[in-house]
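A look at the structure
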Amino acid sequence: MTPELYEKWNNLWNEKKLFLFDGKDTKRKLFVIDTPPPFTSGEMHIGQAFWVCYIDAIARYMRFKGFSVLYPQGWDTHGFPIELAVEKLHGKGLPRQEFYSKCEEFAREKLDLMKRQMLGLGASFDPGREYVTMTKDYMRRVQLSLIIMNDKGMLYRGRHPVEWCSYCGTSIAREETVEKESETALNYIDFMVDGKPLTIATTRPEMLHACVALAVNPKDDRYRGLIGKAAITPIFSRKVTVIGDDSVEKEFGTGAEMVCTFGDKADVTMAYKHKLETIDAIDESGKLKNAGKFTGMPVKDARKAVIAELQAQDNLKKSEQTRHTVKVHDRCGTKIELLSSIQWFIRSKEFAGKIKELANDISWAPEFARQRLIDWSDFIEWDWNISRKRVFGTPIPFWYCAKCGHVVPPFEEDLPVDPAVDKAPAKSCEKCGSHEIVGERDTCDVWVDSSITPMVVAGWPDDMELFKRAFPATMRIQGLDIVRTWAFYTILRCWALADDKPWRQLLLHGMILDTTGKEMHKSTGNGVSPEELMTKYPVDAIRLWAALSGGIGKDKPFSYEEINFANSFIVKLTNSSKFVKGLVAGKDIPHDAPHKDLGAFDLWILDRLNTVVGEVEDAYERMNLYEAMTKLINFYWHEFCDYYIENVKYRVYSKEAKDQAGATAALYTLRHVLLSCLRLVAPVMPYTAEEINAEYSQVSLFEGGLPPHRPREPGSGYIINGVVFRSAVMDFDYTKVGAVLNDIIADVRKAKAAKRISLNKEITSINIKVPEEYYTAVLASKDEISQICKSGSVSVSKDREYSVTVDV
RNA sequence: GGGCCCGUGGUCCAGUGGUUAAGACGCCAGCUUUACACGCUAGAAACAGGAGUUCGAUUCUCCUCGGGCCCACCA
């Protein structure tokens, strides 16, 4: 299919406004889809191509079913990676406004690129329903959502240890960290307890100044007696207490450790648990604080200096190399420090129960994904830190009193605001009267932006009429890998704002891995780019590949063999349709089935079609595109093409007048099966289906619906070649008769193959023995068998065992 | 250490308390058959291992082994 054809059908669909959502249409039932807004930092990747194809097929199917489908597409534009990219392009140090504009420009450029690529895959989202997180309109909604949450007391500003990246100069959330293994020294240091030395082991001697306790395991006989006693820190000579804590492992180091604020998270936990005092150890630029003569030293330098000092004082017993993992910032690779600072938080820990409740009210596919969210909810330790010391983000829309910390929200009509530059909405603090009202300079974590998408797509807060109908969304599709972030935060925020679950159904997809089953990474260069696939394969082949990529929620290696297979089905469909078209062209074929002229094979394939329509629809209903397409392909290729078409060729080629009724019946059936199958594949392969359909109809496939599926009526009797059968008498139906007849033909083919003669070759006779119940039906189809198998004579007799013999 | 998922022909991937365990890629043997050799016909080839529940297990339970993901810890 040429690019012009894609253009042609896209234009037609656009002209007819087939994919636009009409919010005023209250007659049809709504189907609302919440799709992931891709992060606009580069090209579309294969995983995105996968879900775009997948969800688009579902959207098209639902339109077929008569739903009014609200299928928008958004773009997640804010974020640190774009700031990094812009810094790379334009250097550091641009003024805030200019820097923001450059980021905007960059994001817009990538957004346009990705949108082109998505549309290139045939995505049928409604362009009028697009949202972009960096627009004023979107930020207004985000800010409003925060004001509401603040009013509800779900937002607070507080001092709290946060994971901090000193390179980026910002706090980050737990999910922005990755683990990295590295080599470091484990140092054995002496503390004095009761005038005797107690050796502890630490990898962070530079934290010594913030040491607030020593900890040992209370079950450790060596140290049990020391619990509660005072210890003196070396260098700083601070008096600290020895505490007992189960988290201390007897086997590690010496079995004794120092507790600092905040060396690592275990320290924080212990500090809370044992109500220890805290000492700010490190400042925001990664330099030591409150550390006497070491104050102001970067961590690395301080480590050396402290070690040197300990050595000088003969307090360093030994130092051994060890491997350990540290948390680093996923964007820049800098080691994360914990430090206490003033941040904005959304209360989440206390709502874990509510989130679990909502999660149980949502249907999850696959079901096991629900457990991931529940596990995560159970593990929340801290509230959600939403402030980022970045520029390219939605400003946190608050001012606060520098004296008492009272939060001053903006007026709703002023949104969006940027408190970093805008004038405060109040001159003085209503709580303490202070005139020092300060605008917040921090921006929001990007998940704050994206955690209200189901509300935004439903029109919140402007079109509340629509919102009432379109929220909760019918479904969201998203990656299994971001359940604990996007899904979690969306459930939390939508519940806080709208008091409901965000969607009725969640469809979680896995990752597309490389051909060897490993994750695709830019650094390893094992990626497969959709752009490249699109130059090699028709769009429909990529879409069919996505549909055939196995069960939902499973990771799947990418495979060229599979996309080749998808492509070969498109070729098969195209070729077979050409064949049918060539036969029916210029013929007068009835619109309705010519019942009295239908032969056993016609009835068989029509019966099978009826069954397959039901099965495929059922699979679509369950969003199981794999099953839908597998069933359809097997039917179309191996039953319709390989058997039916071959079986009726002799009829449609016949020039004799007496055969014309049978020929017409066959042509009717050929056309009917083809056109029905087109409707079944159209959601997945819209271009191919539309192109073929256009040869028969002026009306777009997407203006119509699915082919009708009629439940079979038992006991109504059957007519084959003028012979009437009743199912009450014989336990069979068209499908069973067809299967027997096809078996006979297959056996003749086998016999020919065994004798190494061409299938086309005339043979003398076929002798068929069939059990009683099939005798009449087979006998009635004698002539057809003879013609199809090119046999001089066919004899049919009853026997207990079925058998076919052939005389050449 | 905790949790979750998965082990089906050489490869990928369906499926089921009773099936001749589907299909695709690959392989082997044939076939110019008036749509298609990106085709057609035929063929070889699989339920990780063990125990249990059951009349019957590939399917349910447990264990072992193997693979993956997530979380926690790593002073």
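In this text, all values refer to a predicted model and were calculated from it rather than measured experimentally. (Residues numbered from 1 in each chain as written. Chains lettered and ligands numbered in written order. Predicted model: local features only at pLDDT ≥ 70, side-chain atom pairs only at ≥ 80, totals over all residues. Heavy atoms only, no water.)

Attention now goes to the packing of helix α9 (residues 369-379) against helix α13 (residues 483-498). Running from N to C, α9 and α13 cross one another at 75°; their axes reach a closest spacing of 10 Å. Taken together, the axes of α9 and α13 lie roughly perpendicular to each other. Contact residues: α9 offers A369, R372, L373, W376 and S377, while α13 offers V483, R484, A487, F488 and I491. Classifying every residue of the contact of α9 with α13 gives seven nonpolar, one polar and two charged. (Axes fitted to C-alpha atoms, helices over the stretch in contact; angles between N-to-C directions. Helix = DSSP H or I, 4+ residues; strand = E, 2+ residues; numbered from the N terminus. Parallel < 35°, antiparallel > 145°, perpendicular 65-115°, else oblique. Contact = heavy atoms within 4.5 Å. Nonpolar A, V, L, I, M, F, W, Y, C, P; charged D, E, K, R; others polar.)

Moving on, we get to the side chain of R671. Mapping R671 onto the fold places it in helix α19 (residues 660-681). At 7.7 Å, D588 is the nearest oppositely charged side chain to R671, a buried residue that forms no salt bridge. Residues contacting R671, with those up to four places away along its chain left out, are V580, I589, P590, H591 and Y696. (Buried < 20%, exposed > 50% of the residue type's maximum accessible area, 1.4 Å probe, protein only. Lys, Arg positive; Asp, Glu negative; His and termini not counted. Salt bridge = Lys/Arg side-chain N within 4 Å of Asp/Glu carboxyl O.)

The sheet built from four strands is open, its strands ordered β6-β5-β14-β16 with antiparallel pairing. The strands lining the two open edges of the sheet, one partner per strand, are β6 (170-172) and β16 (384-385). Across two bridges, strand β14 (residues 336-346) lies against β16 in antiparallel orientation. Considered in β16, the bridge of F345 is made with N385. (Pairing = 2+ DSSP bridges.)

Our focus in this paragraph is a negative patch on the surface. A cluster of like negative charges, contributed by E412, E413, D414 and D422, occupies part of the molecular surface. Mapping E413 onto the fold places it in the loop between β19 (407-408) and β20 (437-439). (Patch = residues over 30% accessible without salt bridge, like charges linked within 9 Å, V, L, I, M, F, W, Y side chains within 5 Å. Areas by Shrake-Rupley, 256 points an atom, 1.4 Å probe, with all protein chains shown as cover. Charge placed at Lys NZ, Arg CZ, Asp CG, Glu CD.)

What follows concerns the protein's contact with RNA strand B. Around RNA strand B, the structure places 51 residues, and the nearest of them are T202, T203, R484, G551 and Y653. The sugar-phosphate portion of RNA strand B accounts for 69% of its atoms within 4 Å of the protein, the bases making up the rest. Within the side chain of E257, a nitrogen or oxygen atom sits 2.6 Å from a base nitrogen of RNA strand B. Between K572 and RNA strand B, the recorded distance is 2.9 Å, taken from a side-chain N or O atom to a base nitrogen. In the surface near RNA strand B, the residues fall into 18 nonpolar, 13 polar and 20 charged. (Near = heavy atom within 4 Å. Polar contact = N/O pair within 3.5 Å; in protein donor to acceptor, adjacent residues only side chain to side chain.)

Right, let's talk about the side chain of D76 for a bit. Mapped onto the secondary structure, D76 falls in the loop between β3 (74-75) and α3 (80-90). If we ignore the near neighbours within four places in the chain, the residues touching D76 are P37, P38, F39, T40, T133 and V446.

In this section: the nonpolar core. Within soluble globular proteins, side chains that are nonpolar tend to cluster in buried spots. Counting residues in each nonpolar core, the largest one holds 143 residues, and the members touching the most others are I58, W545, M629, L670, I768 and V778. Discounting chain neighbours no more than four positions away, the residues touching I58 are F31, M475, L507, M623 and L625. Y131, V142, V457 and V483 belong to the second largest nonpolar core, which has 68 residues in total. (Core = buried A, V, L, I, M, F, W, Y, C linked by side-chain atoms within 4.5 Å.)

One pass over the structure, following the stated rule, counts 42 salt bridges. Its salt-bridge partner being D25, residue R28 comes within 2.8 Å of it at the nearest N-O pair. On the basis of relative accessible area, R28 is assigned to the partly exposed category, the value being 38%.

All right, on to the packing of helix α16 (residues 560-584) against α19 then. Relative orientation of the contacting elements α16 and α19 amounts to 145°, with a least axis distance of 10 Å. Regarding α16 and α19, the two cross each other, and that crossing is left-handed. On α19, the residues touching L573, S577, V580, L583 and V584 of α16 are L667, L670, R671, L674, L678 and V681. Along the lines of polarity and charge, the residues of the contact of α16 with α19 split into nine nonpolar, one polar and one charged. (Left-handed = near helix turned anticlockwise from the far one by under 90°.)

Bringing the sheet that holds β20 into the picture now. Spatially, the three strands line up as an open sheet ordered β19-β18-β20, and their pairing is antiparallel. In this open sheet, the two strands that pair with only one neighbour each are β19 and β20. Across two bridges, the pairing between strand β18 (residues 399-401) and β19 is antiparallel. The partner of W399 across the bridge, within β19, is V408.

Next up on the list: the packing of aromatic side chains. Taken as a whole, this structure holds 27 aromatic pairs when the rule is applied. On the basis of an interplanar angle of 50° and a centroid distance of 5.1 Å, the ring pair of Y636 and F640 is categorised as tilted. One end of the pair, Y636, and the other, F640, are both in helix α18 (residues 625-653), four residues apart, so they sit about a helical turn from each other. Across this residue pair, the class does not change: Y636 and F640 are buried. (Phe/Tyr/Trp six-rings, centres within 6.5 Å; stacked < 30°, edge-to-face > 60°.)

Right, let's get into the environment of L533. Following the sequence through the fold, L533 ends up in helix α14 (residues 530-536). Beyond its immediate chain neighbours, meaning those up to four positions away, L533 contacts I46, V528, I542, F558, Y560 and I563.

This paragraph deals with helix α5 (residues 136-151). Look at α5: 22 Å from first C-alpha to last across 16 residues, which is about the 22 Å you get at 1.5 Å a residue. Those residues of α5 that sit buried are Y138, M139, R141, V142, Q143, L144, S145, L146, I147, M149 and N150. (Expected span 1.5 Å × (residues − 1).)

Topologically, E179 is positioned in strand β7 (residues 177-193). With relative accessibility at 60%, the residue E179 sits in the exposed group. The sequence separation of E179 and K335 amounts to 156 residues, and the corresponding C-alpha distance is 9.4 Å.

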